[in-house]
Amino acid sequence: QVQLVESGGGLVQPGGSLRLSCAASGSIFSINDMGWYRQAPGKQRELVAAITSGGSTNYADSVKGRFTISRDNAKNTVSLQMNTLKPEDTAVYYCNAHVSTTWRRRGEYWGQGTQVTVSS
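Calculation notes
Residues numbered from 1 in each chain as written. Predicted model: local features only at pLDDT ≥ 70, side-chain atom pairs only at ≥ 80, totals over all residues. Heavy atoms only, no water. Helix = DSSP H or I, 4+ residues; strand = E, 2+ residues; numbered from the N terminus. Polar contact = N/O pair within 3.5 Å; in protein donor to acceptor, adjacent residues only side chain to side chain. Disulfide = S-S within 2.5 Å. Buried < 20%, exposed > 50% of the residue type's maximum accessible area, 1.4 Å probe, protein only. Salt bridge = Lys/Arg side-chain N within 4 Å of Asp/Glu carboxyl O. Pairing = 2+ DSSP bridges. Phe/Tyr/Trp six-rings, centres within 6.5 Å; stacked < 30°, edge-to-face > 60°. Lys NZ or Arg CZ within 6 Å of the ring centre and 35° of its normal.

Engineer: Describe the side chain of Ser-21, with residues and values.
Structural biologist: Residue position: Ser-21 is located in strand S3 (residues 18–26). There is a polar contact of 3.3 Å between the side chain of Ser-21 and the side chain of Arg-19. Among the polar contacts listed, one links the side chain of Ser-21 to the side chain of Ser-79, at a separation of 3.5 Å.

Engineer: Mind laying out the state of the cysteines, listing which residues take part and the relevant values?
Structural biologist: Cysteine pairs can be covalently joined through their sulfur atoms, and such a bond is termed a disulfide. Following the criterion strictly, the structure yields one disulfide and no others. Paired by a disulfide, Cys-22 and Cys-95 hold their sulfur atoms 2.1 Å apart. One disulfide, between Cys-22 and Cys-95, carries an S-S torsion of -80° and so falls in the left-handed class. Highlighted residues: Cys-22 in strand S3 and Cys-95 in strand S9 (residues 91–102), separated in sequence by 73 residues. Exposure class is identical for Cys-22 and Cys-95. Each is buried.

Engineer: Outline the pattern of salt bridges, listing residues and values.
Structural biologist: Scanning the model with the defined rule gives four salt bridges in all. The partner of Arg-38 in a salt bridge is Glu-46, and the shortest N-O contact between them spans 2.8 Å. Classification of Arg-38 as buried rests on a relative accessible area of 6%.

Engineer: Explain unusual backbone geometry to me, and be specific about the residues and the numbers.
Structural biologist: One non-glycine residue, Asn-76, lies in positive phi territory at about 55°. Here Asn-76 shows up in the loop between strand S7 (67–72) and strand S8 (77–82). A positive phi angle is found at Thr-84, which is not glycine, with a value near 45°. By the element assignment, Thr-84 lies in the loop between S8 and S9.

Engineer: Could you give an account of the pairing of S3, naming the residues involved and the relevant values?
Structural biologist: Strand direction decides the pairing type here: strand S1 (residues 2–7) and S3, joined by six bridges, are antiparallel. Bridge pairing in S3 places Val-5 opposite Ala-23. As judged from the six bridges shared by S3 and S8, these two strands associate in the antiparallel manner. Across the sheet, Ala-23 pairs through a bridge with Thr-77, a residue of S8.

Engineer: Hey, could you go over the packing of aromatic side chains for me, with residue numbers and the actual values?
Structural biologist: Under the criterion given, the structure shown has one aromatic pair. Here Arg-45 stacks its cationic end above the ring of Tyr-94, 3.8 Å away from the centre of that ring. Directly above the ring of Trp-110 sits Arg-45, whose terminal nitrogen or CZ lies 4.9 Å from the centroid.

From the geometry alone we can't say anything about function, so treat these as descriptive.
Put into C-alpha cells, the structure is as follows:
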C-alpha cells in the first residue's frame, strides 16, 4: 500500500504564490510518473502538470509560464510552485503517482487533495 499526502494549500490573493508538496510513503520500490491534477466545482478533473522519472515535464496550457513542477527522488516527493495565481486557479489539487511496489507490480495512487483558493 502507498500513501500520498499533499500540503501547502490555502487562501491567497490574485497575483500571489503558493507551493504545494506531496510526499509518498509506504511500500515503494520505485516511482515512475508523478503529477498534479485539479478539480473545480462543477468541472472535470484536469491535469495541471506532470513529471517523469527522468525529469521530463508537461504543463496544461493555462498554467505554462506560471507553474513549475519538480521532484526529489531521494525523498519521494513532488512539488508544484504556483506563481501569479488567478481566481480561475481555484480548485482542489490532487497529487498523483505511478508507483511500483515490487519489481513486478505497479499501481496508480492519489492523494486526498488540498484546497487552493485565489480570491481578493
